[in-house]
Structures are given as structure tokens and as C-alpha cells.
Amino acid sequence: MAKEKKKEKKFAKKLLHKYRLVILNEDTFEERFAIKLTRLNVFILTSISAICLVVLTILLIAYTPLREYIPGYSSAKLKKEATILNYKTDSLVRELELNKSYYASIRKVLTGDVATVDFNRDSIIAATQNDIDILQVKTNKEDSLLREKVEKEDKYNLFESAGDRSNYVLFPPVNGTISEGYNIEEKHFAVDVVIAINTPVKATADGTVIFAEWTVETGYVVIIEHNQELISVYKHNSAITKTQGDLVKAGEVIAMSGNTGELSTGPHLHFELWSKGYPVNPTNFIDFQ
């Protein structure tokens, strides 16, 4: 026990034993700085410095943007930007898919590579008449007054047409002799109208030009999108007068006829009509004579 007490006293003396730290000028041995230290003071100062350094590091990581540079920590700003970019990517992917579908349908119109459905004008008219008969109901005085009020409002509506869709008339793009008619079996979804070169080709109805470019097989091609999901195609032109996105009226000149393209065998207009993605016989609706 006595030895242990001596050791403890000796250890305490070592901790409290004073040392003098002196900084001298090497040339003149002049004393510049001196401080008295003990081992206990050095231990306490070192411990306090280490604790302060740890606390300061924690504060910097917790409350300053410096934590973003430490591997494993994520930034709230980066998370927000990543979320926004993710939404934008989803929107772009969806828009890209819609554009792909749209261009695929246009490509089908250009190449004629679609499943065909034969439309008969008489059957369509009969079906329309049946629908009209079904919709005919008995009216009363209040109903008649309401109809009259709605008709007066639609009469001066600039954005909606109160006209009957059954009166939708197609304008002949050109007048001439049909050299090759509409033939589903041979996948000729158009009529070829023989006309002189540089004859004006006119729009068959009001619409928007969705394609107006040169193609190797069919020369200058113009495609117009009309109301009621109707598309008209004009091929083998020598020149076009409209560009994509132009609005055209029925009877407006959109191209000049010609004999362009590898598939052309003479001056003529290759004219197609597509309804809801399916080809229809233009002669059922247009008189080319």
C-alpha cells in the first residue's frame, strides 16, 4: 500500500511539475517568449482543443453547405433539381412517344402501309340517317324556346360553328381524267388524275399543312389535315406553294402538278383521302370531271 501511495504521489508530482517553454533568438540568445506549463495543463488544453475542433466540425457539417462536399451527404437543392428534372424527363418521354405515333401515322399515309377498310358512301349516309331518326324526340314549348336561344347564341360565335356536319363539302383539287382509280387489292389508296404539268393543285377543304417536302419516290408531296379527322394527300407535284404549318382554305392553290418522283409514269396528280387513319375512295365524295 505504501508503494502504491508513493507511486500515486510521484505521478501527481509529474503532472503538476512545472516546465518552462522558452523561445530564444538563435543569434543573440535573447528571450522572446516564455511560458510555464505542466503536464496537466498540456493535457487539459489538448483535450479542450480537440473537443472544440469536434464541435466546430459538427456545426459546420450540420448548418453550412460544406456538408455537400462530404461523401455520403446529399444536398436538398440537388434533390429538388433532380425531382424537377425527373418530371421534365417524364414529360419529354411522353411528348416523344406522342410525336413518334404522329410521325408513324404520317409515314403510313406516305407509304400506304396500313390495314384497309372499305368505306361505302351509301352505307355511311344510311347510318347517319338512322342516327338522326333515333335522336328525334318529341319537343315541347320550353324545349323549342331553349333551342331558339342556343341558335341565336351560336349564330354570332366566332370560335364554334353551328353548321351541320353533314354539309361538309370537299372541293376537287384538279379536274381531269382518272387514269388509275382507287384499288384496295393492289394497295393503290388513291386516284391518279391526268392533267398538264404546272396545273394549279388546290386544297380540297379548309385545313392545316402538316407536311410539305420532297420525297424520292413521290416528288413534292403536300399533306393537309382537315376537320373531322380527315387528311388529304397530294403527290408528284413539280412545285409546292405552301410550307408546314400554313393554314389553307378550300380551293386555295397549294402546289403545281408535275411528273416528279421515281414512281411517276407521266404528268398527273396522285390524290389520297384518309379518314381517322384509314384510306377512303375519293371518288365517293369528289367529282374530278
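In the block above lies the structure referred to throughout.
Residues numbered from 1 in each chain as written. Predicted model: local features only at pLDDT ≥ 70, side-chain atom pairs only at ≥ 80, totals over all residues. Heavy atoms only, no water.

Q: What is the right way to read the packing of aromatic side chains from this model?
A: The description of an aromatic ring pair rests on the distance of the ring centres and on the angle between the ring planes. Tallying each qualifying case throughout the model produces 5 aromatic pairs. Between phenylalanine 189 and tryptophan 274, the ring centres sit 6.2 Å apart and the planes meet at 70°, which makes this aromatic pair edge-to-face. Placement of the pair is phenylalanine 189 in the loop between β3 (177-180) and β4 (191-194) and tryptophan 274 in strand β11 (residues 268-275), with a sequence separation of 85 residues. The pair phenylalanine 189 / tryptophan 274 is uniform in exposure class, with both members buried. A ring pair is formed by tyrosine 234 and phenylalanine 271, whose centres lie 5.2 Å apart and whose planes are at 55°; its orientation type is tilted. Here the residue tyrosine 234 occupies a position in strand β8 (residues 230-240), and phenylalanine 271 occupies one in strand β11, the gap between them amounting to 37 residues. The two residues tyrosine 234 and phenylalanine 271 agree in class, both being buried. (Phe/Tyr/Trp six-rings, centres within 6.5 Å; stacked < 30°, edge-to-face > 60°. Helix = DSSP H or I, 4+ residues; strand = E, 2+ residues; numbered from the N terminus. Buried < 20%, exposed > 50% of the residue type's maximum accessible area, 1.4 Å probe, protein only.)

Q: Help me understand the nonpolar core in this model?
A: General note: in soluble globular proteins, nonpolar side chains tend to be found buried as a group. Formed by 25 residues in total, the largest nonpolar core has its most connected members in Ile224, Tyr234, Ile254 and Phe271. Among the elements that make up this core, the one with the highest residue count is β11 (3 residues). Ile106, Val221, Ile231 and Trp274 belong to the second largest nonpolar core, which has 8 residues in total. (Core = buried A, V, L, I, M, F, W, Y, C linked by side-chain atoms within 4.5 Å.)

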